[in-house]
Amino acid sequence: MDAQPEFRSDAIWMTIGSPVTLLPVEVDSGVLAGELTHWLGGSAGVIATIGVRTTADVAAVCAGQRLWLSGHAALTGELIVLEVIAREASKHVDTTLTLTGVLPLARERRRDSVRAATRHPVRLTFDDGTTAHGVAVDLSRSGCLIALNEADLLRPVGSTARLDIELPGNDSFSLAGAIVRVEGATGEVALHFEPTDIDLAPVDRVVYATVRRDSNHWTG
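Notes on the structure in this doc start here. What you see is a predicted model, and the numbers here were worked out from it, not measured in a lab. (Residues numbered from 1 in each chain as written. Predicted model: local features only at pLDDT ≥ 70, side-chain atom pairs only at ≥ 80, totals over all residues. Heavy atoms only, no water.)

Our next topic: the overall build of the protein. A count of helical and extended segments in the protein gives two helices and 12 strands. Helices (α) and strands (β) of the protein occur, in sequence order from the N terminus, as β-β-β-α-β-β-β-β-β-β-β-β-β-α. Relative to its full complement of 220 residues, the protein shows a buried share of 47%. For the protein, the accessible surface area stands at approximately 11000 Å², while carbon and sulfur atoms represent 50% of it. (Helix = DSSP H or I, 4+ residues; strand = E, 2+ residues; numbered from the N terminus. Buried < 20%, exposed > 50% of the residue type's maximum accessible area, 1.4 Å probe, protein only. Areas by Shrake-Rupley, 256 points an atom, 1.4 Å probe, with all protein chains shown as cover.)

So, in structure tokens, the structure goes:
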């Protein structure tokens, strides 16, 4: 197992006032929104506390919970995901969370979402009604790579399809997407999801939990 890389607050930080998302690890909620209020370093330059302003309702859900926090690094713009612990919100300022116990989970340099290796069954339904089954061998909130059971059902780049994927606790999670890459030799197809109003918290939970179990916490 590789040693966890040093994560210094003076090397990577998020801009005060920038938007962040919060996802409770053990509470079944959607993706929650907040705004960074402070970012403080402790001994040896590691991150000690992070402040996030949100609504009173969100603060109540998050208080006392382990959370996955995601936002963008100030200098590079890369996506940073941290695992944190939220203290109880102050009675005087019940919309601000103080986050401690900061651990790096993932850093994504090239994409807008973290990607994880998975083995979730999927079904693709193409515009002509043809269906193909396979396994999502990697997954993110922006797309996935699918190994089809029948390579002769591959469609060309630009084709669109409806994806139905089996995720823990979600029997019918469905997204539309477009094929952006095809690997004929392996029967793999990369699908980029179309913008959606669906809360993608179930996808984030699977991805972050998978990365959490991975010995190499940094991706990209």
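Still more to cover.
Moving on, we get to the nonpolar core. Membership of the largest hydrophobic core comes to 37 residues, with the highest contact counts inside it found for L124, L139 and L163. It is helix 2 (residues 201-213) that provides the largest number of residues to this core, a total of six residues. If sequence neighbours within four positions are ignored, L124 has contacts with T130, T131, A132, I146, L148, A161, R162, L163, V189 and L191. Listed in part, the 22 residues of the second largest apolar core include L32, W39, I50 and A73. (Core = buried A, V, L, I, M, F, W, Y, C linked by side-chain atoms within 4.5 Å. Contact = heavy atoms within 4.5 Å.)

We now examine the pattern of salt bridges. What the rule picks out here adds up to 11 salt bridges. With a closest N to O distance of 3.0 Å, E26 and R66 form a salt bridge. Of the two residues, E26 sits in the loop between strand 1 (19-24) and strand 2 (32-41) while R66 sits in strand 4 (residues 66-72), which places them 40 residues apart along the sequence. Between R109 and E78 there is a salt bridge; the shortest N-O distance is 4.0 Å. (Salt bridge = Lys/Arg side-chain N within 4 Å of Asp/Glu carboxyl O.)

Remark on secondary structure: sheet strands pair via backbone hydrogen bonds, oriented parallel or antiparallel. Taken together, the six strands give a closed barrel; going around it, the order is 1-2-3-6-5-4, and neighbouring strands pair in antiparallel fashion. Averaged over all neighbouring strand pairs, the angle between strand axes comes to 45°, with direction disregarded. For strand 1 and strand 2, the ladder comprises four bridges, and the chain directions are antiparallel. In the sheet register, P19 faces strand 2, and the bridge partner there is E35. (Pairing = 2+ DSSP bridges. Axes fitted to C-alpha atoms, helices over the stretch in contact; angles between N-to-C directions.)

Moving on, we come to the pairing of strand 9 (residues 143-148). Burial analysis of strand 9 places six of its six residues in the buried class, the great majority of the element. On strand 9, burial covers both faces: G143, L145 and A147 on one face and C144, I146 and L148 on the other are all buried. Pairing between strand 8 (residues 131-140) and strand 9: six bridges, direction antiparallel. Residue pairing in the sheet places S140 in a bridge with G143 of strand 9.

Within the secondary structure, E83 sits in strand 5 (residues 79-86). For E83, a relative accessible area of 5% gives the class buried. Separated by 2.8 Å, the side chains of E83 and R66 make a polar contact. At 2.7 Å, the side chain of E83 and the side chain of R212 are in polar contact. For E83, the residues in contact, after removing those within four places along its chain, are R66, L67, W68, G101, V102, L103, L105 and R212. (Polar contact = N/O pair within 3.5 Å; in protein donor to acceptor, adjacent residues only side chain to side chain.)

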